[in-house]
Amino acid sequence: MDGHRMNGRSERTGPTGVDDAALDREIESLLGAEPSPEFVARVRARVAEGPEPGQWWMSWVLAAGAVAVVIVAVMAWPSREPVSFVREPVQTARVEAVEPVVPPVVAAQTPARSQPSTPGRKSGVVAAATERRIDIDLPEVVIADNEVKTFAALVASLRQSRFDAPVPAAPDAVTRLEIKELPPVEPLEIEPIVKVAALQSEGERP
Amino acid sequence: MHERADRLAGNIVTADEDLAREFEARLVESSTLAFRVAFSVLRQREDAEDVAQEAFAKAYRSFRQLRERDRFRAWLVRMTWRMALDRHRANKRRLAREGVEAGLHTRLASTTTGDAVLANERAEQLWLAIDTLPEKLRFVIVLAGIQGHDIREVAALLDVPDGTVKSRLFLARKQLRERLSWMATE
């Protein structure tokens, strides 16, 4: 560049008789290739095709914005996740199709008992069931048969407006509650614990 | 209001013009350097010019950070070297796929005179010897062989201390001499 050669070069001569100066000259001649005359013009054309300098930060801004949006979306997602609405048969629709044999809640949890209905009714149940399904993640409740029957009878009587079950009247504020006397409780006696093994001799041990 | 806008627009145009003018100056003074760096790796003019063009295009995109002359040249040299190495590897892979022997060394013009044949053989040997150097030593010896760079200039281009360049240059020359002597005895 400035004309003077490598100032770190020694006049060392190797086994082939090539000293550093000769070696440098050889390398320089190897690397002395010149680009074609159109090279600079082609570089100008290539540069003109590209974006203007200084716009590099725009891509960074866009990338940062995209990352921020993704982060916000990821943070917001879990809050909606527990409430999953999967459609499930609506009890009222089911009751109309199967009524009054099985109450809606029980029917949803004991599918085997809802099968005695006729095929036509069953298809009606399925059609109604597929219309609106809400899957609320609740634990399975096991209900005894007699309770199911009682509840079904209750629902049926309510639907037919003939609910005549005796309902205890609400307590009157004026009337004093009658408190029955509880039977006396005998005192509990606990016998002292006897260490039988300690009292027995070794020979008597079974 | 309009005057202010016009003045502002004028300043922007002037700033862009300044930038373009500076880049033009860098391009003119560094084009041969970038080409030779690429050529030292690729040994093919078309590929070397293509890589150097690409490096200049990248440099232009980041030119606001590279306006300082020395910084620009150092960045350009290192970028061109990296891109040339990438291209060289890609060429080798492509040739291997095509079943062609990966001979990417310079094929000098075929001549029939004895001296020219000897010169060509010698050049081939020297390229082979340079190729077998470790990359750090090769980069230093190539930069030192381009445009007569001295130690200080090579150190500035590589962003390393002068002493590092000196020791690498010493090692590179030593290994080159050994390899050339080994080739001569074969």
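Note that the coordinates shown come from a computational prediction; the quantities given were computed from them, not determined experimentally.

### Some remarks on the packing of aromatic side chains
All names here are of chain B.
And then number 1: Tallied over the full model, the rule gives ten aromatic pairs over all chains.
And then number 2: Here Phe23 and Phe56 contribute two aromatic rings whose centre-to-centre distance is 6.4 Å and whose plane-to-plane angle is 85°, an arrangement assigned as edge-to-face. One end of the pair, Phe23, is in helix α1 (residues 2–42); the other, Phe56, is in helix α2 (residues 45–61), with 33 residues separating them in the sequence. Just as Phe23 is buried, Phe56 falls in that class too.
And then number 3: Here the aromatic rings of Phe56 and Phe72 are separated by 6.4 Å at their centres, their planes lie at 35°, and the arrangement is tilted. Here the residue Phe56 occupies a position in helix α2, and Phe72 occupies one in helix α3 (residues 69–98), the gap between them amounting to 16 residues.
And then number 4: Among the residues examined, Phe56 registers a relative accessible area of 0% and is labelled buried.

### Brief notes about the packing of helix α2 (residues 39–49) of chain A against α2(B)
And then number 1: Viewed as axis vectors pointing N to C, α2(A) and α2(B) meet at an angle of 45°, and their least axial separation amounts to 9 Å. One element, α2(A), and the other, α2(B), form an angle in the oblique class. By crossing handedness, the relation of α2(A) to α2(B) is classed as right-handed. Between α2(A), through Phe39(A), Arg42(A), Val43(A), Arg46(A) and Val47(A), and α2(B), the contact on the second element is made entirely by Glu49(B), Asp50(B), Ala52(B), Gln53(B), Glu54(B), Phe56(B), Ala57(B) and Tyr60(B).

What counts and how
Residues numbered from 1 in each chain as written. Chains lettered and ligands numbered in written order. Predicted model: local features only at pLDDT ≥ 70, side-chain atom pairs only at ≥ 80, totals over all residues. Heavy atoms only, no water. Phe/Tyr/Trp six-rings, centres within 6.5 Å; stacked < 30°, edge-to-face > 60°. Helix = DSSP H or I, 4+ residues; strand = E, 2+ residues; numbered from the N terminus. Buried < 20%, exposed > 50% of the residue type's maximum accessible area, 1.4 Å probe, protein only. Axes fitted to C-alpha atoms, helices over the stretch in contact; angles between N-to-C directions. Parallel < 35°, antiparallel > 145°, perpendicular 65-115°, else oblique. Left-handed = near helix turned anticlockwise from the far one by under 90°. Contact = heavy atoms within 4.5 Å.

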